[in-house]
Amino acid sequence: MTPASAWMTPRRLMAVSIGVALLTIALKTAAWWVTGSVGLLSDAMESLVNLAGATFGLWMVTVAARPADEDHPFGHDKAEYFSSGFEGILIIAAAAAIIWAALPRFWRPQPLDQLGWGLALSMISSGLNGGLAAAMLRASRRHRSMALEGDARHLLTDVWTSVGVVAGLVLVAATGWLWLDPLVAILVALNIVREGGRLVWRSSQGLMDAAVEPEVQARVDAVLARFAQRHGAGGRVRFDHMMTRRAGQRRFLSLHLHLPAGWSLGRAAALRGELEQALVDAVPGLRASIQLLPLDVEPLESE
């Protein structure tokens, strides 16, 4: 890990996101002020959502980093899902506001001024958002942070919003068709509704204890297969009742390990420890809970 990567923790990146959001709000508001474009106004409104989402995200990643306590014995990791869901709802609300502001321009079109300045300011803010989004996406995969991923995808949506607005304004300047300005704003709004809906859906799945990702499950299955091949000669080892879930940056696994009834407790515990270590090596940060049972015993099923 490079020094730069080590520095980019979720909390620091969220703090940087707040600073970038304030700067882009200033740039995009200035772009709207000098041009009068409702498309650029919609772009500035989405940056306000960026600020609110990043602020809430910083709070949630701070909560998620707290260690387990008496009231939360499994930790606070799920707090990140609230951040992502909140940002998704904000995106959808911003899209509604954009459409509300754009519709009157169809029947009352207004001329646009100083498009060169407006486009330049918009593209500068897009460059800032794009660079930050790329860094946050890389960090979100490294830290398995839903809050970082949610904010990064929102910033990428903002970049595409700006690109669409700029393209619309260029067409307005080339054709003189003023109705293209509100049309682009509405198309942008519909696009960001899709992204907001995806964030809300993913957050809801995390809060409902969804299973680990397929690639993580594949690594777990590979470890169990190797372990059974090495220690399971003559039917001495059997696995069942495996369940997984993810909570923010953490992954949890529980399963039953069946061993011969004649084994000593020390021997069985040593084998369980070996399996736990192999699973953690394959899935860093995994919390594995392995229950030992004799081969001829099945636990009671709870309904």
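Residues numbered from 1 in each chain as written. Predicted model: local features only at pLDDT ≥ 70, side-chain atom pairs only at ≥ 80, totals over all residues. Heavy atoms only, no water.

A look at the pattern of salt bridges
In step 1: Summed over all chains, the structure comprises three salt bridges.
In step 2: Of the charged contacts in the structure, one is a salt bridge between Glu 274 and Arg 230, with a shortest N-O distance of 3.3 Å. Of this pair, Glu 274 sits in helix 10 (residues 265–282) while Arg 230 sits in helix 9 (residues 214–231), and the two are 44 residues apart along the sequence.
In step 3: Residue Glu 274 is classed as partly exposed on the basis of its relative accessible area, which comes to 34%. (Salt bridge = Lys/Arg side-chain N within 4 Å of Asp/Glu carboxyl O. Helix = DSSP H or I, 4+ residues; strand = E, 2+ residues; numbered from the N terminus. Buried < 20%, exposed > 50% of the residue type's maximum accessible area, 1.4 Å probe, protein only.)

Thoughts on the packing of aromatic side chains
In step 1: Scanning the entire structure with this criterion turns up two aromatic pairs.
In step 2: Summarising the aromatic geometry, the rings of Phe 56 and Trp 59 are spaced 5.5 Å apart at their centres and angled 85 degrees between planes, so their arrangement reads as edge-to-face. Taken as a pair, Phe 56 and Trp 59 lie in helix 3 (residues 38–64) at a separation of three residues, close to a single helical turn.
In step 3: Here Phe 56 falls in the buried class, since its relative accessible area comes to 18%.
In step 4: With a relative accessible area of 51%, Trp 59 lands in the exposed category.
In step 5: With 6.2 Å between their ring centres and 55 degrees between their planes, Phe 227 and Phe 239 make a pair best called tilted. Here Phe 239 lies in strand 1 (residues 238–247) and Phe 227 lies in helix 9, a separation of twelve residues in the sequence. (Phe/Tyr/Trp six-rings, centres within 6.5 Å; stacked < 30°, edge-to-face > 60°.)

Concerning the side chain of Glu 213
In step 1: Residue placement: Glu 213 occurs in the loop between helix 8 (180–207) and helix 9.
In step 2: Using a relative accessible area of 18% as the deciding quantity, one classes Glu 213 as buried.
In step 3: With residues up to four places along the chain from it excluded, the contact list for Glu 213 reads Arg 246 and Arg 251. (Contact = heavy atoms within 4.5 Å.)

Here we look at the environment of Arg 272
In step 1: In this fold, Arg 272 is placed in helix 10.
In step 2: Once the C-alpha coordinates of Arg 272 and Pro 214 are considered, the two residues, 58 residues apart in sequence, prove to be 24 Å apart.
In step 3: The contacts of Arg 272, once residues within four sequence positions are left out, are Leu 257, Ile 290 and Leu 292.
In step 4: In this structure the side chain of Arg 272 is engaged in a polar contact, spanning 3.1 Å, whose partner is the backbone oxygen of Ile 290. (Polar contact = N/O pair within 3.5 Å; in protein donor to acceptor, adjacent residues only side chain to side chain.)

Points about the pairing of strand 3 (residues 286–294)
In step 1: Taken together, the nine bridges between strand 2 (residues 250–259) and strand 3 define a ladder with parallel strand orientation. Note on strand 3: the bridge partner recorded for Leu 255 is Ile 290.
In step 2: Taken together, strand 2, helix 10 and strand 3 constitute a β-α-β crossover, and its handedness is right-handed. (Pairing = 2+ DSSP bridges. Right-handed = clockwise from strand over helix to strand, strands pointing away.)

A look at the environment of Leu 169
In step 1: Mapped onto the elements, Leu 169 comes out in helix 7 (residues 146–175).
In step 2: Using a relative accessible area of 1% as the deciding quantity, one classes Leu 169 as buried.
In step 3: For the pair Leu 169 and Leu 40, spaced 129 residues apart in sequence, the C-alpha separation works out to 8.9 Å.

Points about helix 8
In step 1: An ideal rise of 1.5 Å per residue puts 40 Å on 28 residues; helix 8 measures up with 41 Å between its terminal C-alpha atoms.
In step 2: Asp 209, located one to two residues past helix 8, shows a positive phi value of around 60 degrees. (Expected span 1.5 Å × (residues − 1).)

A few points about unusual backbone geometry
In step 1: Positive phi is not limited to glycine here, since His 241 has a value of about 50 degrees.
In step 2: A relative accessible area of 31% places His 241 in the partly exposed class.

Quick word on the nonpolar core
In step 1: Grouped together as the largest cluster of nonpolar side chains are 19 residues, with contacts concentrated most on Leu 257, Leu 259, Leu 275 and Leu 279.
In step 2: Secondary-structure elements contributing two or more residues to this core are helix 9, strand 2, helix 10 and strand 3.
In step 3: When residues of this core are assigned to their parent elements, the largest contribution, five residues, is made by helix 9.
In step 4: With residues up to four places along the chain from it excluded, the contact list for Leu 279 reads Val 220, Val 223, Leu 253, Leu 286, Ala 288 and Ile 290.
In step 5: In this structure, Met 14, Val 61, Ala 133 and Ala 152 belong to the second largest nonpolar core, which totals 15 residues. (Core = buried A, V, L, I, M, F, W, Y, C linked by side-chain atoms within 4.5 Å.)

What to know about the layout of surface pockets
In step 1: Taken as a whole, the largest pocket encloses approximately 380 Å³ of empty space.
In step 2: Around the largest pocket, the lining is made up of 19 residues, and of these Ser 140, Arg 144, Glu 149, Glu 213 and Arg 251 lie nearest the centre.
In step 3: Elements supplying a minimum of two residues to the lining of the largest pocket: helix 6 (115–143), helix 7 and helix 9.
In step 4: In terms of residue class, the lining of the largest pocket is made up of six nonpolar, three polar and ten charged. (1 Å grid on protein atoms, 1.4 Å probe; cavity = no way out; pocket = protein on both sides within 12 Å on 5 of 7 lines; lining within 4 Å. Points joined across faces, edges and corners; volume = space filled by probe spheres on them. Nonpolar A, V, L, I, M, F, W, Y, C, P; charged D, E, K, R; others polar.)

Comments concerning the sheet that holds strand 2
In step 1: Across the sheet, three strands lie side by side as 1-2-3; this open sheet has mixed pairing. Here the strands that pair on one side only, and so sit at the sheet edges, are strand 1 and strand 3. Ignoring which end each strand starts from, the neighbouring axes of this sheet average 10 degrees apart.
In step 2: Across the face of the sheet, helix 9 comes into contact with strand 1 and strand 2 while running at roughly 155 degrees to strand 1. (Axes fitted to C-alpha atoms, helices over the stretch in contact; angles between N-to-C directions.)

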